[in-house]
Every structure is written in C-alpha cells, then in structure tokens.
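Residues per chain, in single letters:
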Amino acid sequence: MKRALVLLVACTPESAPAWRLDQDRVIAVRAEPPHIAAGAIARFDALLAHADGPTTVEPPAFASSESPTLFDIVHFNIDHWEVVAPDEQRLAVERATLGLAIDAPVPLEVTLELSSGLLAKKIVWLGDSRENPIAPVVALADPLPLARDIPLSVAADGTVRWFTSCGTLRDAEAATATLRIDEPCTGEIAVVVRDGLGGVAWQVIPARAE
Amino acid sequence: MRAVVAPQRSHVLMRAVVALFVARAAAAQPATDSPPIPGGGDDPIRELTLDPGVVDTPRGLSIRGGAPIDTLSLIDGFRVPSLERIPGARSIVTHIGFEPVVLQTNGFGVEFGSGTSLVAVAPRRGTRDLAGDVELLTSGYASEAMGAVESGASQPYTSYLFGPVTADHARISVRSGLTELALPSIGALESMHPAFLDVHGLREIQYGKHWLVRGSAVGSFDLDHSWIARPTFSLAYATDRWSASIALSQLSVRTKIESGSELHLDIDETTWSVRPELKRTVPELAGLTNVVWQIGAQTDSTEYDLDIAWPFLPREGWPQATTPNPGDTSMRAKTSFWRHDLALWSAIAANLGPAIRAQIGVRIDGFGAFADRATYTSTQPRGSLDWRLRSDTQLRLSAGAYRRPPEQLDELLVLDTLHPERTTQLDITLAHRVHDGIDALVSTYYIDRSRLIMRERDGVLRNSGSGTSYGVEGTLIARREPWYARVATSLARSVRRDNPRAAERPFEFDQPFRLDALVSWKHDKWQLGARLRIASGLPYTPIVGTVYDSDNDYYEPLFSDRIYSERAPLQHRVDLRVDYAFVDDKRATLAAFIDLHNAYASRSELGYDYRFDYGERLPIYALPIFPFVGVRGTI
C-alpha cells in the first residue's frame with residue numbers, strides 16, 4: 001500500500017522481478033516434517049538461488065529460536081540443526097500460555113542462518129503430525145522452443161510460485177504460468193508449492209532453449 | 001466612549017462566530033492576492049507547501065517539525081482525521097468547492113484542541129444571484145470533473161416560520177474522479193487513484209439583523225467502499241455587544257482495505273459533536289479598550305467499530321517495510337466502543353494601549369470523559385501579544401500549551417494505557433512593510449514536546465518520547481504590476497528521543513533547509529508563473545539486511561538500530577504554470593491552465609524504495625515533466 005502512495009507523486013526505476021531466479025536469495029525453507037508430535041524431530045533445508053550459478057539446496061549453518069520457553073529444543077546434532085518436540089506436559093503449558101485450544105499445534109518460529117549469510121524464518125508446529133506436500137511434477141521439452149508461449153502447470157492445493165533464469169514469466173504466482181524465451185539460453189525453472197499449513201515442496205528443472 | 005463595532009458589521013461578527021476559521025482566513029493569512037501556484041496541481045492543500053513551515057511528506061503535511069497527525073484538520077470548525085484522500089496525494093479540497101484554506105503553523109487560540117498546528121477549510125459560500133462553475137482537470141493518469149451551482153438571493157423575502165430574510169446564500173459543488181475512464185489500461189496506477197465522488201454544500205440564511213442559520217455538508221466517497229462525511233448545522237445570534245451560537249455536527253468515517261486473504265482494515269467511526277459559544281464585546285473596561293470575552297464548550301461522542309488484522313502501522317520512530325507482511329497481524333482487534341471528549345475554554349482579548357493588543361485564554365480538555373475508560377484532563381493556557389511598533393512594523397508574540405490525545409488507529413487499541421501528548425510552543429513573528437508593495441515576515445519558534453507516544457522495541461506503545469523543534473522562517477513578498485514575487489525560506493531542526501535514556505535522533509521529517517521562490521507575470525489574458533524549490537532531503541533509516549519469512553513468502557527488512565541516521569540528498573525542482581483567460585467578463589469566464597511539475601526533469605532523490613527482497617536500493621524521483629491541465633468556466 002505504501003509503495004502505491006509513493007509512486008503516486010514519484011517514480012522509481014525498474015528492478016528485477018520476483019520471478020528472476022538468478023539473484024542471491026532464499027527461495028524457500030523446508031522443515032521436514034513441518035508438524036511434529038511430542039518427541040519427534042524436524043530438520044531443515046533451504047532452496048537458495050545464486051546470481052552466478054544454479055540453485056542449491058543447503059542445510060542451515062545455524063538455527064535458533066527467540067521463544068523464551070522453547071528456545072532449548074533447537075539443537076545441533078552431529079552435522080545438522082534440528083528441533084525436538086517437547087513432551088505433552090510441556091506442550092500443554094505452552095498452549096495455555098499462548099491461549100491455544102487444548103489440541104492445537106504450538107508454533108515455534110526458528111531463525112536460520114544459511115551458509116551464504118542469508119537469513120530465513122520458518123515455523124515448526126509442535127504437538128501434531130503432518131508431512132510436506134508431494135513435490136510438484138513438471139515435465140518440459142528439451143530444448144524449449146524460442147519465441148513461443150510455453151505453459152507451465154502444476155496441480156497443487158495452496159499457493160504456487162514459479163521462477164526462471166531463462167526467459168520471462170507471466171502469472172508467476174498462479175498454478176498455470178506462461179514462460180516465454182526469446183533468445184537461446186541455459187538455466188533453470190523452479191516451482192515452489194505451499195499448503196498454507198507450513199508444508200512446502202519444490203522442484204527445480206534444468207532448462208535449455210535453442 | 002466610542003462604539004468599536006459598527007452596527008453594519010454585526011453580520012460579519014455573526015459569521016465569524018459561526019465559522020471562526022473563515023473569519024480568520026482574512027486575519028491570519030497573507031493577502032489573498034497571490035497568483036496561481038505552480039506545482040500545486042490546483043490542489044489547495046498541496047499549495048500550502050509554499051509556506052516555509054510546511055513539509056510535504058508521503059504521510060501528509062508536516063508542520064514545524066510535527067508529525068502529520070499533529071496538525072488539526074477542520075471542516076467547518078470540526079475535526080476530521082485528514083483532508084487528504086490518500087496521504088501525500090491529492091486532497092479532498094478544491095478551489096471550486098471551498099473557501100481559501102486557513103493555515104496556522106504557529107499554534108492557535110483556545111477554541112480548538114487536539115493538535116499543534118491547524119489547517120481549516122469550509123465549503124464555499126454562494127455570493128452570486130445564480131451562477132455555475134465547471135472545471136476539468138487531468139494529469140495524464142488521473143482526471144477530475146468538478147461543477148458547482150450557487151444562488152445568493154439579493155432581494156429580501158419573508159420566511160413563513162422566521163420572518164424577514166435579509167440574505168440567503170446557497171452553493172453545492174460536486175467533484176468526480178475519472179481515472180478509470182481516462183486510462184483504463186494503466187493497471188497499477190489506476191488502482192492507486194480510485195474513482196471517487198466528492199460533494200460539498202452550504203446554505204446560509206440571515207434572518208433580520210441578528211439571526212444566522214447555516215447548514216453545510218462535505219462528503220468524499222471512494223468507490224472502494226471508504227468514505228468520509230461531515231454535515232454541520234449552526235444557529236447564531238449577534239448584536240453589537242453579544243453574540244451566541246450553537247453548532248451541531250456529525251462525522252462519519254469508513255475505511256475498508258483488504259490485502260491477501262488475511263490482512264484487512266474495516267473501520268467505522270461516527271462522531272456526534274455539539275459546540276456552544278458565547279462572546280461579549282465591551283468597548284471600554286478598566287482602562288482597556290475593545291475588550292472581547294468569549295467562552296465555549298464542545299462535546300464529541302465517538303463510536304468506534306473496528307475489525308482489524310494488520311501489521312503495525314508506520315509511525316514516527318518505527319520504520320516499516322514498504323509492503324505489509326501478509327502473515328503479520330500484530331494489530332488484531334474486533335471491538336466496538338464509545339469515547340466521549342469534553343472541552344471548555346475561555347479567553348479575553350483587549351487593547352492594552354493604542355498599539356498593543358493582548359489575548360489570554362485557557363482550554364481544559366477532558367479526554368475520555370463520562371466513560372469507564374481512562375480519563376485525562378489537560379489544562380492548556382495560551383496567549384498572544386500584538387504590538388504595532390511602527391505604522392509599518394508589527395510584532396506578535398504567542399505562546400501556549402497544546403495536547404494531542406491518543407486517537408490514531410493503533411493508539412485506540414491501547415487507549416487505557418496512553419496519555420495525551422504534550423506540546424509547548426513559543427513563537428515570535430515580525431511583519432514589516434519594507435517598501436510600498438514589498439512586505440517581509442520573519443518568524444522564530446521553539447517547540448517542546450513531551451510524553452510523545454512511541455512504539456518501543458517490544459512493539460508496545462508508550463508515552464516515552466520527547467523532542468524539540470526550533471527554527472527561523474522568512475518570507476518576502478513583492479508586488480508591482482504586472483509582477484508578483486515571493487521568496488520563502490526556513491532553517492529548522494527537529495529532534496526526538498524515543499525514551500529518556502535513548503540518544504537524540506532526527507525527527508522523521510526533519511528538513512533543516514528550505515527555499516521556495518515564486519515569480520508570476522500577468523498581462524492581459526496571460527498569466528505565467530515559475531516556482532523554484534530547494535530543500536534538504538528527508539531522513540531515512542538504512543536497511544542492513546533481510547530475513548526471508550518462508551511460510552508467508554515474504555522478505556522482511558532489518559532496519560539499522562540508528563533510526564533516521566541517513567538523509568536523502570538535496571532536492572531541487574522547478575515548476576511552471578501558464579494560465580490563459582479566453583473569456584473574462586461579468587457574464588461568464590472561461591480559462592485554461594497548464595501546471596508543469598518538475599519542468600527540467602530534476603533527478604533529485606526524494607527517498608528510497610527497495611527491490612522485493614531488499615537486495616537493491618532504488619531511488620525515488622519526482623515524476624519528470626509532469627503536467628496538470630485544467631479548464632475552468634463560469635456562467
């Protein structure tokens with residue numbers, strides 16, 4: 001909203017659109033699984049985009065929580081960071097503190113530091129069980145045709161975000177997007193789906209257009 | 001003993017009682033002979049930036065180092081939240097529908113509260129027998145059409161109920177935004193400037209020599225289901241020595257904004273106000289002359305109906321992301337409640353000598369009176385001294401205490417824990433006629449602010465802030481036909497402390513230097529104007545990093561701990577305006593103008609926006625060579 005107000009009397013130069021994949025940033029963070037019952041364990045990984053190379057999937061270099069009562073359940077274990085859900089008694093105390101229903105999952109916000117210095121936040125839900133959605137399946141021709149609209153589509157319950165480092169995208173936040181590549185290129189196309197309950201999945205597909 | 005108020009002036013006095021701000025327009029403002037103002041877009045509120053104490057900001061007008069919410073906005077003498085449809089953009093005020101805007105940067109009398117400076121408007125009064133005005137205005141991306149009809153009965157007639165009517169004036173004006181018709185394909189810009197309908201009306205009837213009845217209404221309706229409406233009715237009785245009035249007004253404000261599936265602001269605010277006033281004029285009393293004593297009261301009863309799920313709103317000292325986090329509902333409430341405010345005031349003014357006039361008064365505000373909520377009583381003494389040093393030189397000293405109660409949306413949610421903000425102002429103004437046709441005005445001021453409502457690090461609002469603002473302003477106006485020139489400049493500083501132990505930092509809209517020069521030339525049917533603006537850039541808080549919120553797919557900026565520690569570079573621009581009168585006689589007028597903003601496409605950086613992930617800083621520029629074109633006709 002504020003952006004709109006500023007633009008009304010002023011203008012800013014164009015910047016790279018959000019669907020451009022070749023920029024240093026976090027694309028998505030996954031807790032595996034996103035909901036864990038008492039005593040269960042969740043681990044993290046993140047999909048990272050890079051200005052000078054293909055995407056990577058990396059575990060966090062550091063993880064922590066600012067929760068005053070649950071910060072201690074975020075651990076480093078041998079070679080990775082994880083969250084170990086507390087027992088039911090402790091979860092009941094948390095639910096009472098947060099004013100949640102007796103069987104509601106307890107949100108724990110975890111801040112992750114990734115190897116390139118990028119920061120991300122992810123909520124792990126404690127006290128119930130739920131898996132991430134199934135990774136979306138996208139099949140693309142190889143090579144992709146030039147100067148033609150290429151439909152990209154996934155079936156997903158929740159939100160969808162498309163990214164590309166090759167060509168331009170239209171409707172990048174819809175289940176069906178349109179890719180157009182006008183010049184030969186080699187890169188990647190990525191799609192991230194979120195189920196709205198903390199679950200996330202992605203697929204990265206190499207793309208080549210001639 | 002000589003009667004100071006001549007009988008024929010009683011009508012003027014009555015009108016002044018009913019609409020104090022209209023009467024002040026003549027007294028407090030510079031002569032209204034100024035030409036059309038280049039760069040104002042024909043918007044009376046944006047044109048106020050010609051005053052050296054007014055800074056135009058993305059959140060509204062900042063006056064003398066105060067936040068936009070420190071400015072009291074009045075329609076027909078009653079408060080409205082804002083006169084701007086969207087802060088920083090075009091206002092709901094038009095030349096065609098309103099009397100000249102009254103701006104008081106150096107405080108005001110005890111008749112008004114809840115602010116430290118004042119911008120007041122009133123619907124325009126019909127003075128012609130039967131006439132109409134039409135105006136079309138376009139800026140390329142947004143267009144407006146305005147029309148007005150007025151009737152001023154010059155012949156007395158007899159009313160069935162109240163007897164002889166000596167004057168009857170009526171005027172109604174309508175304004176409509178035609179954005180979507182003008183540029184249906186422009187997408188984002190279209191949605192930023194929604195279609196709207198404004199209606200302003202006034203009827204004023206004078207019965208005999210003593211009675212005046214006045215009804216007015218101002219409404220602004222956006223087609224996205226937000227509106228503001230302020231109808232007012234008043235009755236006044238006046239003789240040479242006494243005058244009394246009572247005014248009733250209602251304010252309706254509806255705001256509805258939705259963003260994504262979660263964020264929404266749904267606000268209904270309805271205020272009922274009653275304002276009785278009594279004024280006694282005595283030609284001579286205990287050695288004093290022209291003694292005027294006034295007493296008044298006002299009650300405001302407001303019902304709020306709030307349904308909110310939104311991140312914390314941007315406020316001074318609390319920088320916010322340019323787009324809200326779709327998952328952040330830090331400000332969440334669904335509630336309805338009433339609030340009652342009561343104000344009492346009294347003031348006396350008198351000539352202490354042939355060249356000195358003094359006024360002193362006190363205002364007592366009871367915020368939250370008559371309710372089970374917290375009540376705060378504030379006593380605010382104010383006074384002024386006008387001293388005519390020579391026939392061409394006048395000195396004015398004024399000082400006073402002012403209070404602003406918690407009334408912003410985020411403040412309403414924690415009303416019981418907040419106190420009114422306190423401000424004490426001191427102003428010295430010297431007006432001098434340098435030469436025939438050349439006037440100079442110099443002001444210096446000091447403003448102390450305490451108990452400012454700040455959002456602290458833990459996200460809680462507290463009265464922990466303090467600050468000071470001080471500065472010098474100068475204005476030089478020269479008139480020699482066919483030329484008009486005006487130069488205004490200010491040197492100012494405004495600082496804040498977020499809490500008693502915090503370091504001093506600049507105010508969000510601190511602008512240490514401003515220079516505004518206007519020159520206009522009129523000949524026959526042509527009037528040409530140019531305006532140069534040079535000003536310090538505004539402070540901003542640097543962004544030092546980003547945290548990606550994966551669940552909401554949102555990049556959250558991390559602001560530096562050093563709030564407003566950076567400043568945008570010096571800003572400069574030139575605006576040009578050409579007016580041409582095709583027809584200008586007693587029966588009809590037809591004129592057109594082009595108001596060319598930023599005529600030399602200055603690339604001064606006004607501030608900064610950021611890439612969606614805050615990975616790149618993008619300068620914000622004034623729109624280059626941005627024209628407003630208007631046609632105005634009267635029959």
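Preceding block: the structure.
Conventions we followed
Residues numbered from 1 in each chain as written. Chains lettered and ligands numbered in written order. Predicted model: local features only at pLDDT ≥ 70, side-chain atom pairs only at ≥ 80, totals over all residues. Heavy atoms only, no water. Helix = DSSP H or I, 4+ residues; strand = E, 2+ residues; numbered from the N terminus. Buried < 20%, exposed > 50% of the residue type's maximum accessible area, 1.4 Å probe, protein only. Contact = heavy atoms within 4.5 Å. Areas by Shrake-Rupley, 256 points an atom, 1.4 Å probe, with all protein chains shown as cover. Lys, Arg positive; Asp, Glu negative; His and termini not counted. Charge placed at Lys NZ, Arg CZ, Asp CG, Glu CD. Phe/Tyr/Trp six-rings, centres within 6.5 Å; stacked < 30°, edge-to-face > 60°. Lys NZ or Arg CZ within 6 Å of the ring centre and 35° of its normal. Salt bridge = Lys/Arg side-chain N within 4 Å of Asp/Glu carboxyl O. Patch = residues over 30% accessible without salt bridge, like charges linked within 9 Å, V, L, I, M, F, W, Y side chains within 5 Å. Pairing = 2+ DSSP bridges. Axes fitted to C-alpha atoms, helices over the stretch in contact; angles between N-to-C directions. Core = buried A, V, L, I, M, F, W, Y, C linked by side-chain atoms within 4.5 Å.

Novice: Give me the lowdown on the overall build of chain A, citing residues and values where you can.
Specialist: When helices and strands are tallied, chain A shows 2 helices and 16 strands. In terms of overall dimensions, chain A has C-alpha extents of about 60 × 45 × 30 Å along its principal axes. Evaluated residue by residue, chain A yields a buried proportion of 45% over its 210 residues. Residue pairs in contact within chain A that sit at least 24 positions apart in sequence constitute 58% of those at least 6 positions apart. With an accessible surface of roughly 10,100 Å², chain A has 56% of that area assigned to carbon and sulfur atoms. The centroid of the 17 positive side-chain charges in chain A is displaced by 6 Å from the centroid of its 29 negative side-chain charges.

Novice: Requested: an account of the packing of aromatic side chains, with residues and values cited.
Specialist: In the structure shown here, the tally under the stated rule is 13 aromatic pairs over all chains. Ring geometry for B:Phe507 versus B:Phe509: centroids 5.8 Å apart, planes at 85°, classification edge-to-face. For the pair formed by B:Phe507 and B:Phe509, the shared burial category is buried. Aromatic pair B:Tyr548 and B:Tyr555: ring centres 4.6 Å apart, planes at 40°, arrangement tilted. Of the two residues, B:Tyr548 and B:Tyr555, both sit in the buried class. A connected cluster of aromatic rings, assembled from ring pairs, spans A:Phe62, A:Phe76 and A:Trp81. Here B:Arg455 stacks its cationic end above the ring of B:Trp318, 5.8 Å away from the centre of that ring. The aromatic ring of B:Tyr621 is capped on one face by B:Arg603, whose charged end is 3.7 Å from the ring centroid.

Novice: Can you lay out the pattern of salt bridges for me, pointing to particular residues and giving the numbers?
Specialist: Within this structure, the stated rule accounts for 63 salt bridges over all chains. Close ionic contact of A:Asp22 with A:Arg20 constitutes a salt bridge, the shortest N to O distance being 2.8 Å. B:Arg462 serves as the salt-bridge partner of B:Asp458, at 2.8 Å between the closest nitrogen and oxygen. Owing to a relative accessible area of 48%, B:Asp458 belongs among the partly exposed residues under this scheme. Among the charged side chains, a network of salt bridges with common partners joins B:Asp70, B:Arg315, B:Arg404, B:Asp410, B:Glu411, B:Glu421, B:Arg449 and B:Arg455.

Novice: Tell me about a nonpolar patch on the surface, and please be specific about residues and values.
Specialist: Residues B:Leu130, B:Val149, B:Ile172, B:Val174, B:Leu197, B:Phe221 and B:Trp227 make up a contiguous nonpolar surface patch of about 620 Å² in total accessible area. Inspection of the secondary structure assignment puts B:Leu130 in the loop between strand E6 (117–121) and strand E7 (131–138).

Novice: Help me get a handle on unusual backbone geometry, residues and values and all.
Specialist: Following A:Glu32, the chain continues to A:Pro33 via a peptide bond in cis, the omega torsion being -5°. Within the secondary structure, A:Pro33 sits in the loop between strand E2 (25–32) and strand E3 (35–36). Residues A:Asp142 and A:Pro143 are joined by a peptide bond in cis, for which omega reads 0°. Relative to the helices and strands, A:Pro143 resides in the loop between strand E10 (119–126) and strand E11 (149–153). For B:Asn290, which is not glycine, the phi torsion reads 50° and is therefore positive. Note that B:Asn290 resides in strand E16 (residues 288–310). We note that B:Tyr564 has phi near 55°; this positive angle belongs to a residue other than glycine. With respect to the helices and strands, the residue B:Tyr564 is situated in the loop between strand E30 (554–559) and strand E31 (566–567).

Novice: Please set out the side chain of B:Ser398 residue by residue, giving values where relevant.
Specialist: Residues and elements named next belong to chain B. Within the element layout of this structure, Ser398 appears in strand E20 (residues 393–404). Residue classification places Ser398 among the buried positions, given a relative accessible area of 10%. What Ser398 contacts, discounting residues up to four positions off in sequence, is Asn106, Gly383, Ser384, Gln425, Leu426 and Asp427.

Novice: Account for the sheet that holds strand E3 (residues 71–75) of chain B, naming residues and giving values.
Specialist: All names here are of chain B. With mixed pairing, 4 strands are arranged side by side in an open sheet as E4-E3-E6-E5. Here the strands that pair on one side only, and so sit at the sheet edges, are strand E4 (78–80) and strand E5 (102–104). Across the sheet, the mean angle separating the axes of adjacent strands is 30° when strand polarity is ignored. Direction of pairing for E3 relative to E4: antiparallel, over a ladder of 3 bridges. Across the sheet, Ile75 pairs through a bridge with Phe78, a residue of E4.

Novice: Account for the nonpolar core, naming residues and giving values.
Specialist: In this structure, A:Val83, A:Leu108, A:Val110, A:Val124 and A:Leu126 are the most contacted members of the largest nonpolar core, which totals 35 residues. When contributions to this core are tallied by element, the ones reaching two or more residues are E2, strand E4 (41–50), strand E8 (80–84), strand E9 (106–113) and E10 of chain A together with strand E29 (543–549), E30 and strand E34 (605–610) of chain B. For A:Val124, the contacting residues outside a window of four places in its chain are A:Ala31, A:Pro34, A:Ile36, A:Ala42, A:Phe44, A:Val83, A:Val106, A:Pro107, A:Leu108 and A:Val110. Residues A:Leu169, A:Ala201, A:Ala207 and A:Ala209 belong to the second largest nonpolar core, which totals 21 residues.

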